[in-house]
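Listed below are the residues making up each chain.
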Amino acid sequence: MPGAKITAMGVGVPPGLLTNQDLEKMVDTSSEWIVERTGILTRHIVEKGVTTSDLASEAAQQIIDKTGIDPTTIDLIIVATITPDMMLPATACLVQDRIGAKGAWGFDMSIACSGFLYATQVAAQFVKTGAHKRALVIGLDVMSSIIDYEDRQTCIIFGDGGGAALIEPTEEGEEGIIDFLHEVDGSGGEFLCIPAGGSKHPTSKETLDSKMHFVHQDGKVVFKFATRKMPELCVRLLERHGYSGDDVDVFIPHQANLRIISAAVDRLKVPMDKVIVNIAEYGNTTAGTLPLAIDTALNQGKLKKGDLVLFGSVGAGFSAGAMLMRWAY
Ligand code: UT7
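What you see is a predicted model; the values in this text were computed from it and never measured. (Residues numbered from 1 in each chain as written. Predicted model: local features only at pLDDT ≥ 70, side-chain atom pairs only at ≥ 80, totals over all residues. Heavy atoms only, no water.)

Chemist: Any chance you could break down the site of the ligand for me, citing the residues and the numbers?
Modeler: The ligand sits among 24 residues. The nearest are T29, R37, K220, N257 and N284. For the ligand, an oxygen atom lies 2.9 Å from a polar atom in the side chain of R152. Here H254 contributes a side-chain N or O atom positioned 2.8 Å from an oxygen atom of the ligand. Burial of the ligand by the protein amounts to 76% of the accessible area it has alone, namely 950 Å². Sorting the residues of the shell around the ligand by element identifies α2 (31-38), α6 (152-155), α8 (219-240), α9 (258-268) and β12 (308-315) as the ones contributing at least two each. Looking at which element gives the most residues to the shell around the ligand, the answer is α8, with four residues. Its residues assigned to classes, the shell around the ligand comprises ten nonpolar, nine polar and five charged. Two domains each provide a minimum of three residues to the shell around the ligand, namely domain 1 (4-169) and domain 2 (177-326). (Near = heavy atom within 4 Å. Polar contact = N/O pair within 3.5 Å; in protein donor to acceptor, adjacent residues only side chain to side chain. Areas by Shrake-Rupley, 256 points an atom, 1.4 Å probe, with all protein chains shown as cover. Helix = DSSP H or I, 4+ residues; strand = E, 2+ residues; numbered from the N terminus. Nonpolar A, V, L, I, M, F, W, Y, C, P; charged D, E, K, R; others polar. Domains from an automatic or database assignment.)

Have a look at this one:
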């Protein structure tokens, strides 16, 4: 049975920036507070009318252009997002049409910050069994569409953007995606949620007036879970393969808060120069952080063929994940 590997990446990032100074004018906050508590300086934010499928298609098209693959040979498209263009149809269908992937089926995956890792694992399973040769995984969110820009707890954190990864079979002797360790703890659901717009509280004048269609977060509870769970899964996954933090060439964590990343790094004992951090520019793009961080690593020359790469994620659900792979290109 072959393995599965990432063979190309693309990104979809809107050019517009929302700076800490802009936020100082919108809510009672200061750039100093935001930098100290989160490490964020700016976030990319879409122009009005730009959607998740627009950016997702851009990311997918970059892969098609870079690799020269015929889009009709893509078998599967998974879009990990909590900000679909619409509740129906799935954003994956919109992307499929836009990029001309006439032979593909697909679906959306709604598991927030763990979306990219979970979708990558699902796609990898199809490739490993031989059912598919080419899967496109997209992790991308337009968080500005679900954020209350009067809520200083949430509006300072989130940004828009993400990226796409092409998953294909490994060649003989290649490792590709080595293993994963994903976990959910549904008891944490209430601490990071959008209360209305679903079957529990269908959209109504009341839900809109009480802002229940925006992201609500108990930051402290999420922070506590994140600082414990992400490194725990990463350590367990490494140990399962006889590795320690020393063996990791590149650690790519979810970019939620620089203090969460630092806590994970301390626990894992990976040297900071092997850790990819781009939260200062992008903020937290939910399912978008990991593909964007891969792109940053590639652009900075920090990610090379043969590197042992560890990924960690944590977010709403609660959901968390870890993935280990040998970088393949
Ligand atoms: O992607 C995964 C999902 N999300 C996360 O991982 C986020 C996890 N949580 C966090 O990142 C942090 O909890 C936050 C960044 C959201 C908040 O940071 P914190 O250090 O946990 O702040 P806090 O909630 O403990 O608040 C400390 C103080 C409070 O004031 P008092 O009660 O001490 O007077 C807050 O009212 O800071 C105040 N505060 C702010 N001050 C200025 C809260 N938000 C702000 C703000 N600007 N934006």
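Chemist: Can you lay out the sheet that holds strand β11 (residues 250-253) for me, pointing to particular residues and giving the numbers?
Modeler: Overall, mixed pairing links the four strands, which are arranged β8-β13-β12-β11 in an open sheet. With partners counted over all chains shown, the strands left at the sheet margins are β8 (177-184) and β11, one partner each. Between one strand and the next, the sheet's axes are offset by a mean angle of 10°, whatever the strand orientation. Looking at chain direction, β11 and β12 are connected through four bridges and run parallel. Counted as the bridge partner of F251 is L310 from β12. Its contacts with the sheet place α8 against β8, β11, β12 and β13 (319-326), and it is angled at close to 145° to β8. (Pairing = 2+ DSSP bridges. Axes fitted to C-alpha atoms, helices over the stretch in contact; angles between N-to-C directions. Contact = heavy atoms within 4.5 Å.)

Chemist: So what's going on with the state of the cysteines? Residues and values would help.
Modeler: All chains considered together, the criterion is met by zero disulfides. Cysteine C193 shares no disulfide, and the gap to the nearest cysteine sulfur, in C113, comes to 13 Å. (Disulfide = S-S within 2.5 Å.)

Chemist: Can you tell me about the sheet that holds strand β7 (residues 160-169), naming the residues and giving the values?
Modeler: Strand order in the open sheet formed by five strands is β1-β7-β6-β4-β5, with mixed pairing between adjacent strands. Since the sheet does not close on itself, it has two edges, and those belong to β1 (4-12) and β5 (105-109), each with one partner. Direction aside, the axes of adjacent strands within the sheet are offset by 15° on average. Sheet strands in contact with helix α4 (residues 91-99) are β4 (76-80), β5 and β6 (135-142), and its direction is about 130° off that of β4. Sheet strands touched by helix α5 (residues 115-128): β1, β4, β5, β6 and β7. Its angle to β4, the strand with the most contacts, is close to 165°.

Chemist: Go over the nonpolar core with me, naming the residues and quoting the values.
Modeler: Grouped together as the largest cluster of nonpolar side chains are 46 residues, with contacts concentrated most on C234, F251, L268, L310 and L324. For this core, the secondary structure elements donating two or more residues are β8, α8, α9, β12 and β13. Broken down by element, this core gets its largest block of residues, nine residues, from α8. Setting aside its immediate chain neighbours within four residues, F251 contacts C234, A264, V265, L268, V270, K274, V275, I276, L310, F311 and G312. Grouped together as the second largest cluster of nonpolar side chains are 34 residues, Y118, L290, M325 and W327 included. (Core = buried A, V, L, I, M, F, W, Y, C linked by side-chain atoms within 4.5 Å. Buried < 20%, exposed > 50% of the residue type's maximum accessible area, 1.4 Å probe, protein only.)

Chemist: Which residues make up the packing of aromatic side chains, and what values do they have?
Modeler: Within the structure shown, the criterion is met by five aromatic pairs. Judged by centre distance (5.6 Å) and plane angle (40°), the ring pair of W105 and F107 falls under tilted. With a centroid separation of 5.2 Å and an interplanar angle of 40°, the aromatic rings of W327 and Y329 are classed as tilted. The class for W327 is buried, based on a relative accessible area of 2%. An aromatic cluster is defined as three or more aromatic residues linked by ring pairs; in this entry it consists of W105, F107 and F126. (Phe/Tyr/Trp six-rings, centres within 6.5 Å; stacked < 30°, edge-to-face > 60°.)

Chemist: Which residues make up the domain arrangement of the protein, and what values do they have?
Modeler: When the domains of the protein are assigned, the result is domain 1 (4-169) and domain 2 (177-326). The C-alpha-based centres of domain 1 and domain 2 are spaced at 14 Å. Facing the 49 residues of domain 1 at the interface are 46 residues of domain 2. Buried area between domain 1 and domain 2, both sides added, is near 3,700 Å², and the carbon and sulfur share of it is 63%. (Buried area = accessible area lost by both parts, 1.4 Å probe.)

Chemist: Please provide a residue-by-residue account of the side chain of T154, values included.
Modeler: Mapped onto the secondary structure, T154 falls in helix α6. Setting aside its immediate chain neighbours within four residues, T154 contacts I147, D148, V215 and Q217.

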